[in-house]
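Here's the letter readout for the chains.
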Amino acid sequence: QQYPPQQQQQQPPQQYQQQPEQLPVQPPAQEALNPAVRPRGNVQRRQYASEEVAAVTDGAAMPLMPAPQQQAGANPQMLQPGPGPRRPELHKGQSSRSIDPSQIPRPPALPELHAEANGGVVVTEVLTSRELIGRVPPPSSSAYTVHDDGNASPRFVRLTMNSLMNTHDHFQDPKMPMAAVLQPLAPLGPDEQPPPIVDFGVSGPPRCSRCRAYVNPFWAFIDGGRKSVCNLCGAASEVPADYFCNLGIDGMRRDVAERPELCRGVCEFAAPASFQARPPRPPPLLFVVEATSFALRSGLLANACAIIGALAAELPDYTEVGVLTFDSALQYHALSTDLGAGMAPKLLVCADVEDPCVPLPLRRLVRPLGETREALQELLAALPSLLSHGVGTESALGAALVAAHELLAPTGGRVVCLAALLPTRGVLKLKDRSRAGAAGSDGSNREKELVAPAPEWEQFGRKLLNAQVAVHTCHFAGGPAHAYADVASVSHLARVTGGATYLYPECHPESRPDLWAVRLHSELRALLLRESGWEGVLRMRCSKGLRTSGYTSGAHMAGDVDLELPGVDAESTITATFEHEGTLESNSIAYVQAALLYTTSAGERRLRVINAALTTTTHISNVFRYADLESILNVMLRAAMTEVTQSRMHQIREGVVDKCVDMLAVYRKMCASSSASGQLILPESLKLLPLFGLSLTKNTALRAGADVRIDERAARVAQNCRLSVSAALRCIYPTLYALPLDGGELPSLPPPTVALSSEKLEHGGVYVLDAGVQMILWLGNKVEPHVVEGLSGAPVLKGLDCAQLELRSPESSHAAQMAHTIIRSLGAQRGGHYPRVEISSADDGRDVRFLAMLSEDRSQAAMSYVEFLCHIHRQIQSKLH
């Protein structure tokens, strides 16, 4: 199902005259379901007027209003700063000291809800990429189609600011990060064409003689077509003789429509031999699987072998695959291609884990599936029983990864690591750092030390980076029944090499394997089958007057340098930040160009060039008008994740709040100074910044609380570092849906969303919470028993461990069918991939995990949304005075 973007109403703010009489405060809202999330003390609920929000400090009313919206079709370069919004007037019967929390800014209803106005048909917005220059792109989760006519689609690159201040003195005035959020291999939308592939032969694509930018639709041609003018640096270069074409009367080349590099914002070039450090080849794939006694008892080894075998049947024949298992020693498995010998695999054991060696060359241990598919299946079927005798209880994970590096160093490749225990044997062994101090004390130095990798693992990560080996880590740890596994050190390898990190805290000997095995299969399948590349090198270029100041992927890299990406796939997202170093022409266009050199999974060397344009302005109001909140949140999330090893958690949370205050204070001072000082005014584009900023401070990777284990926090940090714009938004502010229980027809679209507040939950309701990396089905304590049994298989959940329950099949009941329909529609937005659904209940102790994601509620260490708006207003007032 595809959903159109939310249509924002273009309405001017209403004007009211405040009434002199004081009316009584409204009664408090309905009691929350869980006392743990209710505000402590007397927190007054005050009534807001239509399209306004009020926050009260020291008895003074502070109405909050959205900024005036831009008229349709206005030119951003020609817009003049208008007068600030006028003070709102309260409706009759409404007090200045009353607030209705239902009227404060919240995310709009999902776009599919507007299908009712179109006869139940969801309309996909169709755009051309050039019309988005200087404009805010559609919401990342909405249904839209972009036809590339010379500017990159927002699926590939989104800019935090689509209009820039043109002078150095005022460039930093908005206090916004100037950055580009890149998703170079992003999946396409409906009816969108893939980037064209152009081959210029041994000479390669035309480039600027000064800044070395690649040919793109924004180049100009002069002197009858004999010279090209670079849009980035303005230098004129000679056009090669074999690329010459006459100009038309409009000054454009006559072959523009026939040259994809001149009419498409995203174009891919076949890389010449000069762009290749070694001959390209399909990347070898090595599975490193733990085979300790824990792995056998928990079903990790058996399920991993079954899943690898199922995935091998879907991989192309040219894929080279190998398997390496480990406990307290290393086990190499050599696959035979001799059919007459019965395809018996050879087992070679390396007991020396202090200095592990590779007994056979790469071509004997990693073989193409076209030659050894049957032998691999036989090996995987026999491994659980083959390794069930004499297994060790300790893990030599470090030695296994060192051996994998030595094996793949000559060619580069991919490593998928499945591990559970703390590596305590051999090289790169780790100690239990959690016992050295208070592991979960918020504000302690131990806190940031525990989420930082061990120094020797940092050094090993640099070796993998230099060898172009990408590591994907699957951690079967982080749950209440697990010991400390130092996920921070192991997942660091994935962060620096462009790999993905997955966490399965449900895997332990006392749990059912089907609780996590289905999700493992789904996530590994998505990882191995989506568009991928390796040996990547990313370079950003920008217009004269700007320069690249750094990159952030798994880690931050400062400077205008090339970013190495051993692994890159359709979900990989990188941010590039820019600085001002000169004057940009007023009312002109600025440009950024990203060039990714990589090798495809089929072994072809490619160069993908992404071109984007933005406007410049002298009015700071235009900067706020065309700011992209989703991109800003992605940059803020990544910046917070890179600081976890340098600052304490409470300092990072305070930093997030300070950034929100700085941006809103500048807007209040520069764009709404004529308004009364008691008003909190938010720009239309950033009206949800306080809500999302508060939610970011309550994210699992940052929030305080002893219920967040160190391994879980480290895994969330690694996962957040590679999230796309849409996935980051789900992670910051999860989406809550109310499950219809009226027994009606199955919906073709997800139901309406519910605000993330316990006051919106009904005791007899069932809700689906989509948090990106996890999905929770929550049941109130007064749900009908037949509904509870139809969803979970048990009529009463009180006293049961809901972690051992699983959503029943659609055939079980109408409620289960309804839940599966909604979950499938949510999975369709992610390419058919979604995490396992966890069941939670108001009668279960694990309910606190669900309630912690209700970011609008007050928690023990954080404010509620209404209180946070008051806090934001006080901070802005202190800056202004």
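Everything here concerns the structure above.
Residues numbered from 1 in each chain as written. Predicted model: local features only at pLDDT ≥ 70, side-chain atom pairs only at ≥ 80, totals over all residues. Heavy atoms only, no water.

Caption draft 1: Seen up close, unusual backbone geometry. Of note in the backbone geometry, Asp 223 takes a positive phi value of approximately 55 degrees without being a glycine. Along the chain, Asp 223 turns up in the loop between β9 (220–222) and β10 (227–229). Overall, the relative accessible area of 40% leaves Asp 223 in the partly exposed class. Positive phi, normally seen in glycine, also occurs at Glu 535, with a value near 55 degrees. For Glu 535, the location among the structural elements is in strand β21 (residues 532–542). Using a relative accessible area of 11% as the deciding quantity, one classes Glu 535 as buried. (Helix = DSSP H or I, 4+ residues; strand = E, 2+ residues; numbered from the N terminus. Buried < 20%, exposed > 50% of the residue type's maximum accessible area, 1.4 Å probe, protein only.)

Caption draft 2: Layout of the side chain of Glu 320. Structurally, Glu 320 is set in strand β14 (residues 320–326). Its relative accessible area of 14% is what places Glu 320 among the buried residues. Of note is the side chain of Glu 320, whose polar atom sits 2.4 Å from the side chain of Arg 281. Beyond its immediate stretch of four places on either side in the chain, Glu 320 contacts Arg 281, Pro 282, Pro 283, Pro 284, Leu 285, Val 366, Arg 367 and Pro 368. (Polar contact = N/O pair within 3.5 Å; in protein donor to acceptor, adjacent residues only side chain to side chain. Contact = heavy atoms within 4.5 Å.)

Caption draft 3: Main features of the environment of Phe 850. Checked against the element boundaries, Phe 850 lands in helix α19 (residues 847–851). A C-alpha to C-alpha distance of 7.3 Å links Phe 850 and Ser 840, two positions 10 residues apart in sequence. Sequence-distant contacts of Phe 850, that is, excluding residues within four places in its chain, are made with Leu 736, Leu 761, Leu 769, Ile 776, Trp 778 and Ser 840.

Caption draft 4: Representation of the side chain of Arg 106. Looking at the element boundaries, Arg 106 is found in the loop between β2 (60–66) and β3 (125–128). A polar contact of 2.7 Å, which involves the side chain of Arg 106, links it to the side chain of Glu 856.

Caption draft 5: Quick look at the sheet that holds strand β22 (residues 546–552). The strand order β5-β7-β25-β22-β23 describes an open sheet built from five strands, whose pairing is antiparallel. The open sheet terminates on both sides in strands that have one partner only, identified here as β5 (157–159) and β23 (556–558). Strand-to-strand twist across the sheet, computed as the mean angle between neighbouring axes with direction ignored, equals 25 degrees. Strand direction decides the pairing type here: β22 and strand β25 (residues 574–580), joined by six bridges, are antiparallel. By the bridge assignment for β25, Thr 548 is matched with Phe 578. (Pairing = 2+ DSSP bridges. Axes fitted to C-alpha atoms, helices over the stretch in contact; angles between N-to-C directions.)

Caption draft 6: Examining the pattern of salt bridges more closely. Enumeration according to the criterion identifies 34 salt bridges in this entry. The partner of Arg 525 in a salt bridge is Glu 314, with the nearest N and O atoms 2.9 Å apart. Here Arg 525 is found in helix α10 (residues 514–529), whereas its partner Glu 314 is found in the loop between α3 (300–312) and β14, with 211 residues between them in sequence. Residue Glu 314 is classed as partly exposed on the basis of its relative accessible area of 35%. Across the salt bridge formed by Glu 394 and Arg 425, the nearest N and O atoms sit 3.7 Å from each other. With Glu 394 in the loop between α5 (369–386) and α6 (397–408) and Arg 425 in the loop between β18 (413–419) and α7 (445–450), the pair connects residues that are 31 residues apart, well separated along the chain. Among the residues examined, Glu 394 registers a relative accessible area of 34% and is labelled partly exposed. What makes Arg 425 partly exposed here is its relative accessible area of 31%. Residues participating in the shared-partner salt-bridge network are Glu 268, Glu 531, Glu 604, Arg 606 and Arg 608. (Salt bridge = Lys/Arg side-chain N within 4 Å of Asp/Glu carboxyl O.)

Caption draft 7: Examining the packing of aromatic side chains more closely. Tallied over the full model, the rule gives nine aromatic pairs. Judged by centre distance (5.2 Å) and plane angle (65 degrees), the rings of Phe 624 and Tyr 667 are edge-to-face. Of this pair, Phe 624 sits in helix α11 (residues 620–625) while Tyr 667 is found in helix α13 (residues 649–670), placing the two residues 43 residues apart along the sequence. By the burial criterion, Phe 624 is buried, and Tyr 667 matches it. Considering the side-chain rings of Tyr 767 and Trp 778, the 6.1 Å spacing of their centres and the 45 degrees angle between planes classify their relative orientation as tilted. In this pair, Tyr 767 is assigned in strand β31 (residues 766–770) and Trp 778 in strand β32 (residues 775–779), connecting sequence segments 11 residues apart. Overall, Tyr 767 belongs to the buried group, its relative accessible area being 4%. Clustering of aromatic rings is evident, with ring pairs tying together Phe 200, Tyr 243 and Phe 269. Arg 155 extends its terminal NZ or CZ atom over the ring of Tyr 144, reaching a point 4.1 Å from the ring centre. One cation-aromatic arrangement involves Arg 253 over Tyr 243; the distance from NZ or CZ to the ring centre is 4.4 Å. (Phe/Tyr/Trp six-rings, centres within 6.5 Å; stacked < 30°, edge-to-face > 60°. Lys NZ or Arg CZ within 6 Å of the ring centre and 35° of its normal.)

Caption draft 8: Up close: the environment of Val 471. Locating Val 471 in the fold gives a position in strand β19 (residues 469–475). For Val 471, a relative accessible area of 2% translates into the label buried. In contact with Val 471, other than residues within four places in its own chain, are Val 415, Leu 464, Leu 493, Ala 494, Thr 497, Gly 499 and Ala 500.

Function cannot be read off these values alone, since they describe shape.
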